[in-house]
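Letter by letter, the chains look like this.
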Amino acid sequence: TECISGCVCPEGLFDDGRGACVEQKDCPCIHNNEWYSSGEKIKVDCNTCTCQKGVWKCTDDVCYGTCMIYGSGHYNTFDGKFYDFDGSCEYVATQDFCGDKNSSGSFSIITENVPCGTTGVTCSKAIKMFLGVMKALSNRSATPLPAILEVIPDTKKFSEMTVGLYLVIEASNGVMLIWDKKTTVFIKLSPDYKGKVCGLCGNFDDKANNDFTTRSGLQDSNPLNFGNSWKQSPMCPDVTQEIKPCDLKPHRKSWAEKECSIIQSEVFKICHSKVNPLPFYEACVHDACSCDSGGDCECFCSAVAAYAQECIKAEACVFWRTPDICPIFCDYYN
């Protein structure tokens, strides 16, 4: 109807978003603000997506779900909801004993959180894994950082192995626990449990917006109300406010930000478009400020390793450890 100044593509060609005109078959696709050419593949969970004519075509395999609990009360649910909860008590991380009190289930994983510094933040200290009708797989350690996972009673329902830094417990019912014997825990569930679990790790139904389902089955938007509902003992105090350790210990803030900047630096550049670094950076600063009674480097390294782990899942392999930054014996020269 009227002339509009500017550049347009000739008839039959399409703007590729990068300043060129291409045929439809060569249209690129976008993922996490990054452009991918036609034919390029990316990995999303256990599925492979291929760019075809500007649209992603993905395989539809049903994937294992992973919940991550690490550092000073950071949770990443099975459905990818990231939140903080600093409660000092035993809490249900995940279980399939959901619904009414008489409902049956096959497993329950409990995490015991204890203060890990003078600011009031808490770290996961002990893990209990119940298989079947309350068959206990538990750790009771007097030290803040446990090193032993004890099996009570000895049952053939699971296998135990050490993989690198991690202790791996794999149960025959499709539940896997991966633990660094410090403050990082990964819980992996088979697809059979989709929508059938509850606890701090959410309900594994592929929807992150309903993960804050309390023990009574109500939806809540407040992580404190949600977390408090999953405590094992009514004698434990409720968490009433979010702890901000950098405000309480301002002299540690600049050091924490400087150390944690590695997450947003060139070292992890290959991963930034695949996994958003911001929540991991903020969690790292939180932990580096809070660990003020020893273990400063332990807290910092666990926080960076959590981001590195998510990068590996997204097929972005990052070599970030050096002899000066979180070294592992022999790793750098191996």
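Everything quoted here is computed from the prediction, not taken from an experiment.

J.: Before we move on, can you summarise the sheet that holds strand β5 (residues 41-44) with the specific residues and values?
T.: Across a sheet, paired strands are connected by hydrogen bonds in the backbone, their directions being either parallel or antiparallel. The strand order β5-β6-β7 describes an open sheet built from 3 strands, whose pairing is antiparallel. What marks the edges here is a single partner per strand, and that holds for β5 and β7 (55-58). For this sheet, the mean angle separating the axes of adjacent strands, direction not counted, is 35 degrees.

J.: Describe the state of the cysteines, naming the residues involved and giving the relevant values.
T.: Enumeration according to the criterion identifies 11 disulfides in this entry. Each sulfur of the disulfide joining C29 and C51 lies 2.1 Å from the other. Judged by the torsion about the S-S bond (90 degrees), the C29/C51 disulfide is right-handed. Here C29 is found in strand β3 (residues 29-31), whereas its partner C51 is found in strand β6 (residues 47-52), with 22 residues between them in sequence. Assigned by exposure class, C29 and C51 land together as buried. Between the sulfur atoms of C46 and its disulfide mate C63 the distance is 2.2 Å. Disulfide C46 to C63: torsion about the S-S bond roughly -85 degrees, handedness left-handed. On the criterion of sequence distance, the pair formed by C46 in the loop between β5 and β6 and C63 in the loop between β7 and β8 (65-70) is long-range, its members being 17 residues apart. Using a relative accessible area of 31% as the deciding quantity, one classes C46 as partly exposed. A disulfide-free cysteine, C27 has its sulfur positioned 8.3 Å from the sulfur of C51, the nearest such atom. A residue is classified by how much of its surface remains accessible, and C27, at 11% relative accessible area, is buried.

J.: Account for the sheet that holds β8, naming residues and giving values.
T.: Read from one edge to the other, the open sheet built from 7 strands follows the order β10-β9-β8-β19-β18-β17-β16, with strand pairing classed as antiparallel. Looking at which strands have only one partner, the edges of the open sheet turn out to be β10 (82-84) and β16 (158-163). Mean inter-strand twist for the sheet, computed between neighbouring axes without regard to direction, equals 15 degrees. Pairing geometry for β16 and strand β17 (residues 166-171), over 6 bridges, is antiparallel. From the neighbouring strand, S159 faces β17, where its bridge partner is E170. The sheet contacts of helix α5 (residues 278-290) involve β8, β9 (74-76) and β10, and relative to β9 the element is tilted by about 160 degrees.

J.: Before we move on, could you go through the packing of aromatic side chains and cite the residues and values that matter?
T.: Using the criterion set out here, one finds 13 aromatic pairs in the structure. With a centroid separation of 5.1 Å and an interplanar angle of 10 degrees, the aromatic rings of Y75 and Y83 are classed as stacked. Relative to F280, the ring of F82 lies with its centre 5.0 Å away and its plane at 80 degrees, an arrangement referred to as edge-to-face. Here F82 is found in strand β10, whereas its partner F280 is found in helix α5, with 198 residues between them in sequence. For F82, a relative accessible area of 25% puts it in the partly exposed group. For F280, a relative accessible area of 3% corresponds to the buried category. Grouping aromatic residues by their ring pairs yields a cluster made of F82, F268, F280, Y307 and W320.

About the criteria used
- Residues numbered from 1 in each chain as written.
- Predicted model: local features only at pLDDT ≥ 70, side-chain atom pairs only at ≥ 80, totals over all residues.
- Heavy atoms only, no water.
- Pairing = 2+ DSSP bridges.
- Helix = DSSP H or I, 4+ residues; strand = E, 2+ residues; numbered from the N terminus.
- Axes fitted to C-alpha atoms, helices over the stretch in contact; angles between N-to-C directions.
- Disulfide = S-S within 2.5 Å.
- Buried < 20%, exposed > 50% of the residue type's maximum accessible area, 1.4 Å probe, protein only.
- Contact = heavy atoms within 4.5 Å.
- Phe/Tyr/Trp six-rings, centres within 6.5 Å; stacked < 30°, edge-to-face > 60°.

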